[in-house]
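# Structural characterization, general
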Amino acid sequence: MMILQVQDVTKRFGGLQALTDVTFDLPEGQILGLIGPNGAGKTTLFNVINGVYAPNKGKIIFRGEDITGKPSYEVARRGMARAHQVVRPLHDLTVRENVMVGACFGREGHSLTQAAHKADAALAQVGLAARADQPSGLLNVAQKKRLELARALAARPFLLLLDEVLAGLNPTEISEMVDTILKIRDEGITILMIEHVMQAVMSISDRIIVLDYGQLIAAGKPEEVAANPQVIEAYLGDPEMTARLMGE
Amino acid sequence: MKSWRQPGFWLPLVIVFLWGGIVLVLRQDTVRETAFTVLMFMALASSLNILLGYTGYVSFGHIVFFGLGGYTGFYLISEQGWPLLPAALAGGALSGVIALLVGLAVLRLRGAYFALATIGINEAARAFVSNFGPFGGATGLFVNFSAYEKYGGAGQALWTTFTFLWITTLAVLVVSYLVKHSRFGLGLQAIREDEDAAMVMGVQAPRAKTITYVISAFFPGIIGTLYFFKNGNVEPGDAFQLHMSIEMLVMVMLGGMGTVLGPMVGATAYQGLRGYLLTSPIFKDLHLAVAGLILLLIILFVPAGAVGWVRGRLPALRRVLE
Ligand SMILES: Nc1ncnc2c1ncn2[C@@H]1O[C@H](COP(=O)(O)OP(=O)(O)OP(=O)(O)O)[C@@H](O)[C@H]1O
Ligand SMILES: [Mg+2]
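This text gives an overview of the structure that appears in the document. Just so you know, these numbers come straight off a predicted model, no measurement behind them.

Right, let's get into the coordination of the magnesium ion (ligand 2). Residue and element names in this part refer to chain A. Those protein atoms acting as donors to the magnesium ion (ligand 2) are Thr43 (OG1) and Gln85 (OE1), and they sit at 1.9 to 2.2 Å. You can see Thr43 sitting in helix 1 (residues 42-49) and its partner Gln85 sitting in the loop between strand 6 (80-83) and helix 3 (95-105), a full 42 residues away along the chain. Classification of Thr43 as partly exposed rests on a relative accessible area of 25%. Given a relative accessible area of 30%, Gln85 falls into the partly exposed group.

Here it is in structure tokens:
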């Protein structure tokens with residue numbers, strides 16, 4: 001069954017065409033990698049999928065329901081959670097309270113007491129249990145990324161949107177995070193992840209789609225995508241990225 | 001959550017309860033008048049804090065709910081012969097309804113735009129009331145002396161009004177605590193920290209903000225009715241004073257926004273200072289300037305306010321100083 005269907009999605013910001021006729025399906029239980037050069041429109045696609053922006057054209061269908069144009073909180077309640085690229089901790093709240101927001105207002109809509117338990121479980125899952133009582137503003141970047149993930153997990157989503165959760169992490173932290181993501185997938189949560197760390201995204205994704213200048217230019221298994229000439233060309237402006245892609 | 005087991009829930013209530021109780025036992029007019037003013041500002045600042053402190057929305061013209069609710073309650077007493085209690089509740093209800101209608105529109109605005117819009121609402125309400133026949137236009141309304149008869153004469157009526165204000169203040173503090181420690185309140189605090197992120201997590205921000213705005217407008221409407229009934233008259237110049245709005249903000253900031261105790265501490269400290277300034281020959285015309293200066297200093301150096309500062313320094317006291 002398709003958990004998410006994105007059909008002909010177009011998004012403009014004034015004169016800027018950020019997304020053009022993007023179409024893809026995501027089957028339940030998979031990890032779908034979304035890659036593309038900087039400014040390709042990946043984060044914008046997430047914003048359209050989870051209702052932060054309404055698309056100018058096209059449809060978003062989540063678990064069989066048309067959710068196009070619904071506000072982000074409606075989408076969240078239906079079981080879609082997100083970890084942001086630019087971390088957004090609720091500074092004055094403790095780490096636990098941050099995660100409780102996810103549990104209280106996410107799909108299962110827990111009471112405060114239940115949410116505290118769910119929060120502690122989610123924090124343990126991402127390895128932040130020891131920080132539960134600290135103000136979230138005091139965490140370092142790697143910890144804030146984990147907090148984003150814990151908050152999303154505590155919502156018990158059907159679909160998890162991960163926007164560059166590996167960026168800025170060192171190799172040890174990356175492999176820990178990759179393990180965490182795989183465990184989440186094994187629990188039955190479908191994952192759509194934007195990632196620049198090629199090796200990681202290539203190794204854990206079931207399928208990959210590639211966005212360039214707002215258009216979907218390739219889709220397929222990781223090895224197919226890595227060998228696709230159009231994809232290599234899209235990355236040519238970025239020699240480092242090309243080398244990594246070719247190195248796969 | 002078992003609120004009644006928390007010391008932070010009881011502390012503000014016990015203080016206000018004992019203080020009001022002592023005033024009632026002493027039964028001296030001057031003591032009552034001072035206590036009335038301080039309690040009134042405590043309750044007003046606490047009401048404002050439910051919006052400002054928990055959602056981060058700065059309502060600059062919040063006094064409009066005191067004015068409109070006060071006018072409505074006063075009108076029901078002086079022109080329609082209603083008793084004080086239902087009139088005050090009706091004043092609160094009217095303020096709540098106005099907040100509901102206005103909130104749907106202005107709560108879409110963020111930051112400075114919202115603050116400016118609330119000032120506009122206050123000025124618009126003042127202009128409207130000044131030209132509204134049933135409310136006596138620019139001259140306002142007076143209460144007929146016979147209205148006090150029901151309460152055993154004017155003197156006794158003042159004590160009754162004080163008692164109602166005392167109970168209202170206790171009610172505001174209970175509501176403030178319960179909101180802060182509820183699931184709803186967690187959503188509000190998420191909105192305060194990052195509204196867009198809160199919505200992505202499922203917080204229904206438009207609805208939550210509107211409900212909060214209504215709660216924070218309801219109590220000022222009651223308080224306005226009590227205040228004007230005590231004074232015996234109401235006029236546009238007294239009902240919509242922007243500087244009272246600013247003083248409410250100073251009190252919340254001084255004591256600590258987002259805490260239950262903060263607005264209490266802030267209102268007491270500010271009124272104490274104001275009393276001193278008004279009697280000092282040098283400062284007597286400058287008390288608003290001093291208020292502005294205090295606001296500036298707090299925002300620059302102690303943005304958490306007095307209670308927030310102590311909570312930050314002494315985490316052990318957090319459960320007591322909510
Ligand atoms: N709210 C907005 N208003 C105007 N332009 C925007 C807005 N959001 C994104 N854009 C523009 O849309 C384009 C796509 O941006 P987006 O953030 O989606 O890229 P991205 O693929 O996520 O890039 P990166 O890999 O750097 O995160 C960029 O040109 C960006 O400047
Ligand atoms: Mg991005």
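Let us keep going from here.
So, on to a nonpolar patch on the surface. On the surface, Trp4, Trp10, Val14, Phe17, Leu18, Ile22 and Leu26 of chain B cluster together into a nonpolar patch covering about 750 Å² of accessible area. With respect to the element layout, Trp10 of chain B can be found in helix 1 (residues 7-26).

Counting 156 residues, the largest nonpolar core has Ile35, Val101, Leu160, Leu162 and Ile181 of chain A together with Met40 of chain B as its most contacted members. A per-element tally of this core places helix 2 (residues 29-55) of chain B first, with 15 residues. Two domains each provide a minimum of three residues to this core, namely domain 1 (1-79 + 158-248) and domain 2 (86-156) of chain A. Those residues in contact with Met40 of chain B that lie beyond four places of it in its chain are Phe66, Leu165, Ile223, Tyr227 and Met244 of chain B. Grouped together as the second largest cluster of nonpolar side chains are 26 residues, Val9, Leu26, Leu159 and Leu192 of chain A included.

Residue and element names in this part refer to chain A. Relative orientation of the contacting elements helix 3 and helix 4 (residues 112-126) amounts to 115 degrees, with a least axis distance of 8 Å. Judged on the interaxial angle alone, helix 4 and helix 3 are roughly perpendicular. Crossing handedness for the pair helix 3 and helix 4: right-handed. Each of Val95, Arg96, Val99, Met100, Ala103 and Cys104 in helix 3 lies in contact with helix 4, whose residues at this interface are Leu112, Ala115, Ala116, Lys118, Ala119, Asp120, Ala122 and Leu123. Of the residues assigned to the contact of helix 3 with helix 4, the class counts are eleven nonpolar, no polar and three charged.

This brings us to the environment of Val86 of chain A. Tracing the chain through its elements places Val86 of chain A in the loop between strand 6 and helix 3. With 55 residues separating them in the primary sequence, Val86 of chain A and Val141 of chain A have C-alpha atoms 9.9 Å apart.

All names here are of chain A. For strand 3 (residues 31-35), a buried count of five out of five residues is recorded, marking the element as mostly surrounded by other parts of the structure. Side chains Ile31, Gly33 and Ile35 project from strand 3 onto one buried face, and the interleaved Leu32 and Leu34 project onto a second face that is buried too. Bridge count between strand 3 and strand 8 (residues 190-194): four bridges; the pairing is parallel. Paired with Ile31 across the bridge in strand 8 is Ile191. Both strand 3 and strand 9 (residues 207-212) contribute to a ladder of four bridges, which runs parallel.

This brings us to the pattern of salt bridges. All names here are of chain B. Taken as a whole and judged by the stated rule, the model has 23 salt bridges over all chains. For Lys209, the salt bridge goes to Glu195, with nearest N and O atoms at 2.7 Å. You can see Lys209 sitting in helix 10 (residues 205-231) and its partner Glu195 sitting in helix 9 (residues 195-200), a full 14 residues away along the chain. For Lys209, a relative accessible area of 5% puts it in the buried group. Classification of Glu195 as buried rests on a relative accessible area of 7%. As a salt-bridge pair, Glu247 and Arg274 come within 3.8 Å of each other at their nearest N and O atoms. Of this pair, Glu247 sits in helix 12 (residues 242-255) while Arg274 sits in helix 13 (residues 261-279), and the two are 27 residues apart along the sequence. Each member of the pair Glu247 and Arg274 is classed as buried. Bridged by salt links that share partners, the residues Asp29, Arg32, Glu33 and Lys230 form one connected network.

Attention now moves to the packing of helix 12 of chain B against helix 14 (residues 287-301) of chain B. In a packed pair of helices, the relevant descriptors are the angle between the two axes and the axis-to-axis distance. All names here are of chain B. Following both chains from N to C, one finds helix 12 and helix 14 inclined at 35 degrees, their axes separated by 10 Å at the closest point. Seen from above, helix 12 lies across helix 14 with left-handed handedness. Together, His243, Glu247, Val250, Met253 and Leu254 of helix 12 and His287, Leu288, Ala291, Ile294, Leu295, Ile298 and Ile299 of helix 14 make up the contact between the two elements.

This paragraph deals with the site of ligand 1. Residues and elements named next belong to chain A. Looking at ligand 1, there are 14 residues lining it, with Lys42, Thr43, Thr44, Tyr53 and Gln85 nearest. One of the backbone nitrogen or oxygen atoms of Gly41 is found 2.9 Å away from an oxygen atom of ligand 1. Contact between ligand 1 and Gln85: an oxygen atom at 2.8 Å from a side-chain N or O atom of the residue. Contact with the protein chains hides 64% of the accessible area of ligand 1, taken as 630 Å² for the molecule alone. Among the elements of the structure, strand 2 (16-27) and helix 1 are those that each provide at least two residues to the shell around ligand 1. Sorting elements by how many residues they give to the shell around ligand 1 places helix 1 first, with three residues. The class makeup of the residues in the shell around ligand 1 is five nonpolar, seven polar and two charged.

Right, let's talk about the pairing of strand 4 (residues 57-62) of chain A for a bit. Residue and element names in this part refer to chain A. Pairing of strand 1 (residues 2-13) with strand 4 involves five bridges; the strand directions are antiparallel. Bridge pairing in strand 4 places Val6 opposite Ile60. Pairing analysis gives two bridges linking strand 4 to strand 5 (residues 65-66), with the strands arranged antiparallel. The residue bridging Phe62 from the neighbouring strand is Glu65, located in strand 5.

Attention shifts here to the packing of aromatic side chains. Each aromatic ring pair is characterised by the separation of its centres together with the angle its planes make. All names here are of chain B. A full pass over the atoms with the stated rule returns 19 aromatic pairs over all chains. Between the aromatic rings of Phe66 and Tyr227, the centroid separation amounts to 5.6 Å while the plane-to-plane angle is 45 degrees, which identifies the pairing as tilted. Note that Phe66 is positioned in helix 3 (residues 63-78) and Tyr227 in helix 10, a separation of 161 residues in sequence. On the basis of an interplanar angle of 50 degrees and a centroid distance of 5.4 Å, the ring pair of Phe66 and Phe228 is categorised as tilted. With Phe66 in helix 3 and Phe228 in helix 10, this residue pair connects regions lying 162 residues apart in the sequence. Exposure class is identical for Phe66 and Phe228. Each is buried. Among the aromatic side chains, those forming a connected cluster through ring pairs are Tyr71, Tyr75, Phe128, Phe132, Phe135 and Phe240.

Rules used in this analysis
Residues numbered from 1 in each chain as written. Chains lettered and ligands numbered in written order. Predicted model: local features only at pLDDT ≥ 70, side-chain atom pairs only at ≥ 80, totals over all residues. Heavy atoms only, no water. Donors = N, O, S within 2.8 Å, 3.2 Å for Na, K, Ca; no water. Helix = DSSP H or I, 4+ residues; strand = E, 2+ residues; numbered from the N terminus. Buried < 20%, exposed > 50% of the residue type's maximum accessible area, 1.4 Å probe, protein only. Patch = residues over 30% accessible without salt bridge, like charges linked within 9 Å, V, L, I, M, F, W, Y side chains within 5 Å. Areas by Shrake-Rupley, 256 points an atom, 1.4 Å probe, with all protein chains shown as cover. Salt bridge = Lys/Arg side-chain N within 4 Å of Asp/Glu carboxyl O. Core = buried A, V, L, I, M, F, W, Y, C linked by side-chain atoms within 4.5 Å. Domains from an automatic or database assignment. Contact = heavy atoms within 4.5 Å. Axes fitted to C-alpha atoms, helices over the stretch in contact; angles between N-to-C directions. Parallel < 35°, antiparallel > 145°, perpendicular 65-115°, else oblique. Left-handed = near helix turned anticlockwise from the far one by under 90°. Nonpolar A, V, L, I, M, F, W, Y, C, P; charged D, E, K, R; others polar. Pairing = 2+ DSSP bridges. Near = heavy atom within 4 Å. Polar contact = N/O pair within 3.5 Å; in protein donor to acceptor, adjacent residues only side chain to side chain. Phe/Tyr/Trp six-rings, centres within 6.5 Å; stacked < 30°, edge-to-face > 60°.

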